[in-house]
Every structure is written in structure tokens, then in C-alpha cells.
Amino acid sequence: DAGDCMHVQGGSHVWIDHVEVYDGEDGNLDVINGANYVTISWSKFHYTSASSNHQFSNLIGNSDSKTTDSGKLKTTMHHNWWADGAKERMPRVRFGEVHVANNLFDSDDASHCVRAAYKANLRVEGNVFIGVNKPIDLYDGGYTAVYSNGNYTENTSGNSGSGTNPNAFTPTYSMSITDVSTKAKAYALRDSIQLYAGATLPDPGSSGTV
């Protein structure tokens, strides 16, 4: 029905962890309609050959006109993997304060990765971007602020959003950010995310180890 595989709308204090989501006809996993305090972690997003034309993975804030989203859509995304097939929205953000930290972006199909759109307030740090276009896309000038620091880029093109913006938000929580300042450190995080992100946990009640 041209819908999302998953979305969070209107809810608060939601944690989505260790899922693999792919081939969403509209999106893979969106955060919309006033949802707030959402964490998405250790998850994998991608598209297979079954998908075409709209391989746009994650949308946070679904409309420029939805002013009721102002002050909401607070979202943290860490240790996620945007793999092959994902073209855009990793994520695309309207409104909200969104922390994008220690994720892996290596989709061969990426036209842009993190997109700062209308009223977006982003903190993008410690991520690994390999072989993608526009790691951070400052879209149309309508965003509020973008803080970008300590990201690793390799064989990328377009805006990497380097530098800091003193007006960008600072999370109220503390979070240890893995250092990816060298190739060896970045590859260590890449390998860990590729190994453990997605539906990698054992079934409840099984004897498998985490």
C-alpha cells in the first residue's frame, strides 16, 4: 500500500534495536507526527533488487507544514548500518533534534546520506562514510543548525558538513562516542557494525550468545 515497513507516530520514549528493515515501498522506518524521544540502534537498512524508484530509507518529520512537530521528534540514531540499495534519507530530518552518532554509511547507491531539511537541528558525529555521495546534505538552507565533528570519510563526494555550529543542540544525556579519526579506528567500527547490526540477536529463550 506504498506504506512504510515500520514507523513511529505520536508515541514517546520508544527504543527500536537490532532490527533489519528493507524494501520499504515508502520508507523503511520513519519517525513522524509528533513522535518524541525515539532511539534507533544497531539496526540495518537496505534495499534489494525487488525495489526501484523510491529507495528512501528513514524520514524524521513528514511535512514542512506540520508545525506541531516543533519541539518534538527528538531522535537518537547510533550504530546503525545503511547498506547497499539505500539512496537517500539516512535520515532526512524536518524539525526535531536528531543525534546521528557512530553509524556506518557505505551504500554504493547513495545520492545523499544525512539530509538537514526544514527546521532540522542535527548533531552528526563519529560516523563512518565510505564510498557515498553527500555524507551530510545541507538541504535548501531551511535547517536550523548542524553540528558535524569527528566523522570519517573515504572516497566520498559532495558536502561532508565539516565544522561546528554553536547554535546546534547538545544532548541532555551523556554518550561515549567511538573515535574514528584514523582509518584503522574507522574500519574497526565498520567491522563491528557489519557484524552485529541488524537481526543478529538470538531468539528469546534460545541458548545463543549475544
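Summarised in this report is the structure supplied together with it.

### Thoughts on the overall build of the protein chain
Here's step 1: Along the backbone of the protein chain there are one helix and 18 strands.
Here's step 2: By the compact-globule yardstick of 17 Å for 210 residues, the protein chain fits well, its C-alpha radius of gyration being 16 Å.
Here's step 3: Referenced to the eigenvectors of the C-alpha coordinate spread, the extents of the protein chain come out at roughly 45 × 40 × 35 Å.
Here's step 4: Residues counted as buried form 49% of the 210 residues belonging to the protein chain.
Here's step 5: Pairs at least 24 residues apart make up 64% of the contacts formed inside the protein chain by residues separated by at least 6 positions.
Here's step 6: As displayed, the protein chain offers around 9600 Å² of accessible surface, 46% of which is attributable to carbon and sulfur atoms.
Here's step 7: Charged side chains of the protein chain number 15 positive and 23 negative; the gap between the two group centres comes to 7 Å.

### Section: the pairing of strand S8 (residues 75–78)
Here's step 1: Here S8 shows two buried faces, one formed by Thr-75 and Met-77 and the other by Thr-76 and His-78.
Here's step 2: Two strands pair when backbone bridges link them, and strand S5 (residues 36–41) and S8 are joined in this way by four bridges, in the parallel orientation. Following the sheet pairing, Ser-41 is matched in S8 by His-78.
Here's step 3: Sheet analysis places S8 next to strand S11 (residues 97–101), joined by four bridges and oriented parallel. The residue bridging Met-77 from the neighbouring strand is Val-100, located in S11.

### Here we look at the sheet that holds strand S18 (residues 152–154)
Here's step 1: Taken together, six strands build an open sheet; the order of strands is S3-S6-S9-S12-S15-S18 and the sheet is parallel. Each edge of the sheet is formed by a strand with only one pairing partner; in this case those strands are strand S3 (20–22) and S18.
Here's step 2: Two strands pair when backbone bridges link them, and S3 and strand S6 (residues 44–46) are joined in this way by three bridges, in the parallel orientation. When the sheet's bridge partners are listed, Val-21 is paired in S6 with Phe-45.
Here's step 3: In the packing of helix H1 (residues 183–196) onto the sheet, the strands contacted are strand S9 (81–82), strand S12 (104–105), strand S15 (128–130) and S18, and the crossing angle to S18 comes to about 90°.

### Here we look at the nonpolar core
Here's step 1: Core analysis: the biggest nonpolar cluster contains 32 residues, and Val-31, Ile-40, Ile-60, Met-90, Phe-105, Cys-113 and Leu-122 have the highest contact counts within it.
Here's step 2: Elements with a minimum of two residues in this core: strand S4 (29–32), S5, S11, strand S13 (114–116) and strand S14 (121–125).
Here's step 3: Judged by nonpolar contacts, the second largest core, of twelve residues, contains Trp-42, Trp-81, Leu-189 and Ala-197.

### Some remarks on the pattern of salt bridges
Here's step 1: Within the structure shown, the criterion is met by five salt bridges.
Here's step 2: Ionic pairing is found between Asp-64 and Arg-94, a salt bridge with its closest N-O pair at 2.7 Å. Placement of the pair is Asp-64 in the loop between strand S7 (59–60) and S8 and Arg-94 in the loop between strand S10 (92–93) and S11, with a sequence separation of 30 residues.

### Points about the sheet that holds S14
Here's step 1: Strand order in the open sheet formed by six strands is S2-S5-S8-S11-S14-S17, with parallel pairing between adjacent strands. Strands with a single pairing partner mark the edges of an open sheet, and in this sheet they are strand S2 (12–17) and strand S17 (145–149). Each strand axis lies, on average, 10° off the axis of its neighbour in the sheet, ignoring direction.

### Some remarks on the side chain of His-78
Here's step 1: Note on placement: His-78 falls in strand S8.
Here's step 2: The contacts of His-78, once residues within four sequence positions are left out, are Thr-39, Ile-40, Ser-41, Trp-42, Ala-101, Asn-102, Asn-103 and Met-175.

### Observations concerning the packing of aromatic side chains
Here's step 1: Tallied over the full model, the rule gives four aromatic pairs.
Here's step 2: With 4.8 Å between their ring centres and 10° between their planes, Trp-82 and Phe-105 make a pair best called stacked. Highlighted residues: Trp-82 in strand S9 and Phe-105 in strand S12, separated in sequence by 23 residues.
Here's step 3: Judged by relative accessible area, Phe-105 falls into the buried class, the value being 0%.
Here's step 4: A connected cluster of aromatic rings, assembled from ring pairs, spans Phe-45, Trp-82, Phe-105 and Phe-129.
Here's step 5: Above the face of the Tyr-139 ring, Arg-115 is positioned so that its terminal group lies 3.9 Å from the ring centre.
Here's step 6: Above the ring of Tyr-147, the side-chain terminus of Arg-123 is found at 4.2 Å from the ring centroid.

About the thresholds
Residues numbered from 1 in each chain as written. Predicted model: local features only at pLDDT ≥ 70, side-chain atom pairs only at ≥ 80, totals over all residues. Heavy atoms only, no water. Helix = DSSP H or I, 4+ residues; strand = E, 2+ residues; numbered from the N terminus. Rg over C-alpha atoms; globule rule 2.2 N^0.38 Å. Buried < 20%, exposed > 50% of the residue type's maximum accessible area, 1.4 Å probe, protein only. Contact = heavy atoms within 4.5 Å. Areas by Shrake-Rupley, 256 points an atom, 1.4 Å probe, with all protein chains shown as cover. Lys, Arg positive; Asp, Glu negative; His and termini not counted. Charge placed at Lys NZ, Arg CZ, Asp CG, Glu CD. Pairing = 2+ DSSP bridges. Axes fitted to C-alpha atoms, helices over the stretch in contact; angles between N-to-C directions. Core = buried A, V, L, I, M, F, W, Y, C linked by side-chain atoms within 4.5 Å. Salt bridge = Lys/Arg side-chain N within 4 Å of Asp/Glu carboxyl O. Phe/Tyr/Trp six-rings, centres within 6.5 Å; stacked < 30°, edge-to-face > 60°. Lys NZ or Arg CZ within 6 Å of the ring centre and 35° of its normal.

Read these as spatial facts, not as claims about activity.
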